[in-house]
Amino acid sequence: MKKIAVAIGTSVLLLGAGLAMGKDKTFSGEVMDSACAKEGSHEAMMKKAGLTDKGACVKACVKMGSKYVLFNAKSKTIYELDDQTKPEEFAGKEVKVTGTLDAATKTIHVVSIKAA
């Protein structure tokens, strides 16, 4: 009887954790660095560093300590990306990120990134 109660309790916990995680959703925006995203533009940094390419700006800012983020210009929303490797090839480009959003931290657990 005790084994059945433990099994049922474990099942309920796992089901609850699964529901809390949510389903994968798709988010659209530009892969930016966190510094430029806070400004809503690459303009100031590109001018300061003498850059002409958004992708180069993003990569330079990341090398200086910024993080890759997804920036939605329409809603002015910044989503942190938990994977800091996948976004590199899309730096400065419009993309669709599929993953699970942690609404409390505005962080997307990245499953995939595709060009928009």
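Scroll up to find the structure.
Residues numbered from 1 in each chain as written. Predicted model: local features only at pLDDT ≥ 70, side-chain atom pairs only at ≥ 80, totals over all residues. Heavy atoms only, no water.

A. The arrangement of the pattern of salt bridges in detail. Scanning the entire structure with this criterion turns up two salt bridges. Here K54 makes a salt bridge to E30, at a shortest N to O gap of 3.7 Å. Placement of K54 in helix 4 (residues 54-63) and of E30 in strand 1 (residues 25-33) is noted, with a sequence separation of 24 residues between them. Judged by its relative accessible area of 36%, K54 falls in the partly exposed class. Close ionic contact of D83 with K86 constitutes a salt bridge, the shortest N to O distance being 4.0 Å. (Salt bridge = Lys/Arg side-chain N within 4 Å of Asp/Glu carboxyl O. Helix = DSSP H or I, 4+ residues; strand = E, 2+ residues; numbered from the N terminus. Buried < 20%, exposed > 50% of the residue type's maximum accessible area, 1.4 Å probe, protein only.)

B. Examining helix 4 more closely. For helix 4, the complete set of buried residues consists of G55, C57, V58 and C61. Taken end-on, helix 4 shows its buried residues confined to a sector of 160 degrees, consistent with a single buried face. Where the residues of helix 4 are buried, they touch strand 1, helix 2 (34-39), helix 3 (43-49) and strand 2 (68-72). A side-chain oxygen of the first residue of helix 4 lies 3.3 Å from the backbone nitrogen of G55; this N-cap is D53. The first or second residue beyond helix 4 is G65, which carries a positive phi of 120 degrees. (Arc of directions from axis to C-beta. Contact = heavy atoms within 4.5 Å. Polar contact = N/O pair within 3.5 Å; in protein donor to acceptor, adjacent residues only side chain to side chain.)

C. Representation of the nonpolar core in the model. Core analysis: the largest hydrophobic core is formed by 14 residues, its most contacted members being L70, L81, V95, V97 and I108. The set of elements that each furnish at least two residues to this core consists of strand 1, strand 2, strand 3 (77-81), strand 4 (94-102) and strand 5 (107-115). Tallying contributions element by element places strand 5 first for this core, with three residues. Aside from chain neighbours lying at most four places away, what touches L81 is Y68, V69, L70, P87, V97, I108 and V110. Counting residues in each nonpolar core, the second largest holds eight residues, with M46, C57, C61 and F71 among its members. (Core = buried A, V, L, I, M, F, W, Y, C linked by side-chain atoms within 4.5 Å.)

D. Summary view of the side chain of H42. Relative to the helices and strands, H42 resides in the loop between helix 2 and helix 3. A distance of 2.7 Å separates the side chain of H42 from the side chain of E30, its partner in a polar contact. In contact with H42, not counting residues within four places along its chain, are E30, M32, D33, C36, K54, C57 and V58.

E. Up close: the packing of aromatic side chains. Per the counting criterion, the structure on display carries one aromatic pair. For the ring pair F27 and Y79, a centre distance of 5.3 Å and an interplane angle of 55 degrees mean the geometry is tilted. Taken together, the residues span a long stretch of sequence, with F27 in strand 1 and Y79 in strand 3 at a distance of 52 residues. (Phe/Tyr/Trp six-rings, centres within 6.5 Å; stacked < 30°, edge-to-face > 60°.)

F. Quick look at the pairing of strand 5. One ladder, built from two bridges, connects strand 3 with strand 5; its direction is parallel. Residue pairing in the sheet places L81 in a bridge with I108 of strand 5. Where strand 4 meets strand 5, eight bridges bridge the pair, whose relative direction is antiparallel. Bridge assignment links G99 to a residue of strand 5, and that residue is V110. Here strand 4 hands over to strand 5 after four residues, with K106 in that stretch at a positive phi of 55 degrees. (Pairing = 2+ DSSP bridges.)

That's the geometry; what it means functionally is another story.
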